[in-house]
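Each chain, letter by letter, is given below.
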Amino acid sequence: MDAIILQILNGLDKGSAYALIALGLTLIFGTLGVVNFAHGALFMLGAFCAVTLSRIISLSYIVLDDTKKDFLGNPTKIEVPYIYDWLGADTGAAIIDWSVPLSILFAIPVMILIGVIMERGLIKHFYKRPHADQILVTFGLAIVLQEVIKYYFGANPIPTPAPEAFSGSFDFGVLVGFDPNSIIYPYWRLVYFAFSMVLIAGVFAFLQFTTFGMVVRAGMADRETVGLLGINIDKRFTVMFGIAAAVAGLAGVMYTPINPPNYHMGMDFLVLSFVVVVVGGMGSLPGAVAAGFLLGVLESLASMGWVIDLIPGINQVIIYLVAIVILLTRPRGLLGRKGVMEE
Amino acid sequence: MGILEVKGVNKRFGGLQALGDVNLSIKENTVHAIIGPNGAGKSTLLNCLVGKLIPDSGSVMFDGKSVLGRKPHEINQMGISRVFQTPEIFADLTVLENVMIPCFAKRDGAFRLHAFESVGQEGGILEQAEAILSDVNMLEKRNMHAGSLSRGDKRRLEMAMCLVQEPKLLLLDEPTAGMARADTNNTIDLLKEIKATRNITMAIIEHDMHVVFSLAERITVLAQGTPLVEETPENIKGHPKVREAYLGEAQV
Amino acid sequence: MFGLNAKDTRLLWIVIGLTMLAPFLLNPFPEGSELAQFNAGYPDLMQRFVIFGIFAIGFNILFGLTGYLSFGHAAFLGVGSYAAIWMMKLLTMNVIPAIIMSIVFAGLFSLIVGWISLRRSGIYFSILTLAFAQMSYALAYSVLTPITGGETGLQAKISDPRILDSNAGEFGRANLFGLHMNSSYELTIGRWEFTVNTGYYLAACVMLISFYMAIRIFRSPFGMMLRAIKSNQQRMNYTGLSTRPYTLAAFVISGMYAGLAGGLMVAMDTQVGPERMFWTASGEVVLMTILGGAGTLIGPVLGAGMIKYMENIISKINDSILHQWFSFLPDGLEDVIVAVVHPFIGKGWSLTLGLTFMAVVIFLPGGLVEGGQRLGRLFGRKSAESDKKTPPAE
Ligand SMILES: Nc1ncnc2c1ncn2[C@@H]1O[C@H](COP(=O)(O)OP(=O)(O)OP(=O)(O)O)[C@@H](O)[C@H]1O
Ligand SMILES: [Mg+2]
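Remember, predicted model here, so these are calculated numbers, not experimental data. (Residues numbered from 1 in each chain as written. Chains lettered and ligands numbered in written order. Predicted model: local features only at pLDDT ≥ 70, side-chain atom pairs only at ≥ 80, totals over all residues. Heavy atoms only, no water.)

Once that is clear, we can look at the side chain of Asn 27 of chain C. Residues and elements named next belong to chain C. Following the sequence through the fold, Asn 27 ends up in the loop between helix H1 (6-25) and helix H2 (43-66). Given the relative accessible area of 7%, Asn 27 is considered buried. From its side chain, Asn 27 meets the backbone oxygen of Glu 193 in a polar contact 3.0 Å long. With near-sequence residues (within four places) excluded, Asn 27 lies in contact with Asn 39, Ala 40, Gly 41, Trp 192, Glu 193 and Phe 194. (Helix = DSSP H or I, 4+ residues; strand = E, 2+ residues; numbered from the N terminus. Buried < 20%, exposed > 50% of the residue type's maximum accessible area, 1.4 Å probe, protein only. Polar contact = N/O pair within 3.5 Å; in protein donor to acceptor, adjacent residues only side chain to side chain. Contact = heavy atoms within 4.5 Å.)

Right, let's talk about the site of ligand 1 for a bit. All names here are of chain B. The environment of ligand 1 is made up of 13 residues, and the closest members are Asn 38, Lys 42, Ser 43, Thr 44 and His 207. Residue His 207 places a side-chain N or O atom 2.9 Å away from an oxygen atom belonging to ligand 1. Protein chains shield 61% of the accessible area of ligand 1, which is 630 Å² for the free molecule. Listing elements by their share of the shell around ligand 1, those giving two or more residues are strand S2 (16-26) and helix H1 (42-50). For the shell around ligand 1, the leading source of residues is H1, giving three residues. Tallied by class, the residues present in the shell around ligand 1 amount to four nonpolar, seven polar and two charged. (Near = heavy atom within 4 Å. Areas by Shrake-Rupley, 256 points an atom, 1.4 Å probe, with all protein chains shown as cover. Nonpolar A, V, L, I, M, F, W, Y, C, P; charged D, E, K, R; others polar.)

A separate point is helix H9 (residues 211-221) of chain A. Residue and element names in this part refer to chain A. Within the span of H9, buried status applies to Phe 212, Gly 213, Val 215, Val 216, Gly 219 and Met 220. Buried residues of H9, viewed axially, fall in a sector of 160°; they line one side. Turned more than 90 degrees away from the buried face of H9, the exposed residues are Thr 211 and Ala 221. (Arc of directions from axis to C-beta.)

What follows deals with the interface of chain C and chain B. Of the residues lining the interface, 29 residues belong to chain C; the matching set on chain B comes to 41 residues. Buried surface at the junction of chain C and chain B, both sides included, amounts to about 3,100 Å², of which 64% is carbon and sulfur. Linking chain C with chain B are two salt bridges. A salt bridge links Glu 97 of chain B to Arg 227 of chain C, with the nearest nitrogen and oxygen atoms 2.8 Å apart. Inspection of the chain C/chain B interface yields 20 residue pairs in polar contact (both at pLDDT 80 or more). Listing elements by their share of the side of chain C that touches chain B, those giving two or more residues are helix H7 (198-219), helix H8 (221-231), helix H9 (233-238) and helix H10 (243-268) of chain C. Taken together, the residues that form the side of chain C that touches chain B break down as 15 nonpolar, nine polar and five charged. (Buried area = accessible area lost by both parts, 1.4 Å probe. Salt bridge = Lys/Arg side-chain N within 4 Å of Asp/Glu carboxyl O.)

A few words on the coordination of the magnesium ion (ligand 2). Residues and elements named next belong to chain B. Protein coordination at the magnesium ion (ligand 2): the donors are Ser 43 (OG) and Gln 85 (OE1), at 1.9 to 2.2 Å from the metal. Highlighted residues: Ser 43 in helix H1 and Gln 85 in the loop between strand S6 (80-83) and helix H3 (95-108), separated in sequence by 42 residues. You can call Gln 85 partly exposed: its relative accessible area is 32%. (Donors = N, O, S within 2.8 Å, 3.2 Å for Na, K, Ca; no water.)

This part covers a nonpolar patch on the surface. All names here are of chain C. Together, Ile 96, Ile 100, Val 104, Phe 105, Leu 108, Leu 111 and Phe 177 give the surface a local cluster of nonpolar side chains, amounting to about 650 Å² of exposed area. Tracing the sequence through the fold places Leu 111 in helix H4 (residues 95-117). According to the relative accessible area criterion, Leu 111 is partly exposed, its value standing at 39%. (Patch = residues over 30% accessible without salt bridge, like charges linked within 9 Å, V, L, I, M, F, W, Y side chains within 5 Å.)

The next subject is helix H12 (residues 299-313) of chain C. All names here are of chain C. Compared with the 21 Å implied by 1.5 Å per residue over 15 residues, the 21 Å span of H12 between its first and last C-alpha is a close match. By the criterion of burial, H12 is predominantly enclosed, with eleven of the 15 residues buried. Among all positions of H12, only Gly 299, Pro 300, Val 301, Gly 303, Ala 304, Gly 305, Ile 307, Lys 308, Met 310, Asn 312 and Ile 313 are buried. Looking at the buried positions of H12, the neighbouring elements they touch are H2, H7, helix H11 (279-292), helix H15 (349-363) and helix H16 (368-378). (Expected span 1.5 Å × (residues − 1).)

Structural data, given as structure tokens:
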């Protein structure tokens, strides 16, 4: 029982990442009608926003420390971040420690900007083109983005730790009445889950309660009619693209302590996110979120020892197996609308 | 006993009773018109005949066999062809290819792996296709992309695609809608000629009363999903129920 | 000729000429010259051209004609490869049984996958095929290790039984009735060097047969039905045609092409690993086809050639080569140019590839074939341009 709870918890953070990427994917698809293969790259760019910020704030100069000598008798070199000088050593250290959460503030404007540039500069011209063209051009863009990142940051994963305060684990089991040490759960994963819930709730609230969101939702349902009402839907869709980019980016920022970012993490998540979107039902926002968590948790449950003993290899294929079963029994995914992407 | 027997057909869309207890009998080798105001359920009725929709209850017999539960292509192979209200053609193919496909469907059935024959060398098929195109006056457009045709031409093409199959029953859903007067008259002449030269039964839905009275031998009036009357054209003109159904819609 | 019309016959002859002369045409620069970097006439790369050409030709029969976008074709390539390597392990190093079995097994597997996946269309179909391929990949990696060799894959070994080979126990090489696939004849003419390789010519002949069959399919009533399915499925049904067997037949045919490509890969280089089935490999054939021009005859072959050429040639260029090329420039300028070009070469070849994809889709929506047509029109070669395009059946 405790093992199952642990696996469900473990599945939640992966599920959160799936849900956030899939949410943006389906938002873009629903509003713009574009299949965006570069969406995983936006997730990756978000993660590298965190890396960039942490590098910027820990920019250092070198001082020689005469009190200590290294084995050659030379004074040891100490790196002192500039920020220590400006804000004092304590504040500076705290800021460096908290660089990942701080990156949220940095990533929001950057990601929205990237999203808007992407939409205005490229995607806009592909609204009326066949899906195959959209796939090819966004795939090309994804390759370009990840190669650029690889060029500047190298091919190896870059460890980006969570703040000291969250780096430990807590004993979840004790909380719910199990033996101590039966369910140990890292704090940061809990933070990630909570963060993604807030983000998802934020997006839904935005779509539900603002006039902007209402128009976008109406546009998703029936673009032509809304266009006929004289509402400039294109501009709103550009903003929507920016928001979807920011959501994917933030998902990436906060994921860095869980998985050190590398340049191909976007592609790794992209394929699964597409499966998630389709399982949830193309164009359905709640569907994308539900399917994200469902598949994340199922993947995690299937990797339990006794499950693998029972059905060897199931942990490797569970997501795809579930996708096949759902698509065959529910033609339009869990919560999909009729006629979307079936031409 | 007609070639098509519809008995007690009902179809609901949620709260809307699109068809309510429809009985209809179409005799072999007649032209049977189905008229009625917009939203009367005429297209829905045709959808039930060709397998696009399955009625909630009732029976549809064609040539003594039930069509219910059969797939659209099976129903077509039984001998029912349909011209749709909005033209359904192969927009990316040429006009000639559009009419060759039904020729192959008639010759080879629902599927055949003729991967190593050559379209260009299908002598019989090519001639058949060209013959029907000249019947509908479209031979000179044979190499055009069907998608680039005018709306009227698309309809004529679709009609040619159905006629070339020599169906036993031809269903026409507003075949002249969107056509210019001259084209409408050509279509009337074409259908008249087909009726005269081939054994073909036609059910035609039409709002244009000129077309209806030029062709039809029997007329069924449908209103709110239920047949009101079935009569000959002469008797239908002054029929009080028809006036009622069409009140303000058209002069009958 | 060959049951083709005049245009198609000419296209076929051109392709025959190009593939047969490829070892010479692709080595236009003398050995040792600065431009020798761009020579592609070495066996390994030429084999890859034609093998991926076959893969893309087959994929195009499905995607180009019916519009069904499969994201799982690498699985069939992988199954073909595994079937071939097992033939080489169990029966003989002769490539004929290997190639035949690769087609058979890939055909059977694609029949199963297609039968299930074709219940859905659009992106749902794409995801179903992707799911099957990813499952095959994951299983080949893990549970199916006894059959697939897991992560290390399979190689032909001396200890394999090979019951048909008389000299069992001795390490045989992949051969066609004794003709070794990796045997080459080096031809030196002046400063030029050419390599005539047995494996390449076998693969090229198979590719030509595949290409010829693809033309026949394109021009057949069957091919016309497939295009009609792409255009309007509803009309197909109401014309008395059952679309599912047509799409399934197209799916299985293209799966068999993929298996054939996989079998040939093993014939050229007797080893297989599961990464051959990974989704990026499926994506690659999609890109090849669209890049060249989906639905055209020659497009997929061009696309395959282009991607493989860039992958192999651009990735080999390095800074010192660049310095050589630009050495005629003043030193400062030379360094600047090398620095600018640097990110696009060597390991950065995928950056170039990504940019090429984008450029082609943005400027040439019909792929390279459309580019060729535009060039043709520019130079007023009105008649030649229509060669490459699918002309309407006449
Ligand atoms: N698939 C459907 N789902 C829900 N309602 C439908 C559907 N098809 C038709 N209807 C409704 O059923 C009613 C009958 O429609 P139908 O198309 O049969 O009318 P019609 O007689 O052909 O009209 P028109 O002359 O305008 O073509 C209409 O109110 C229509 O809105
Ligand atoms: Mg109607």
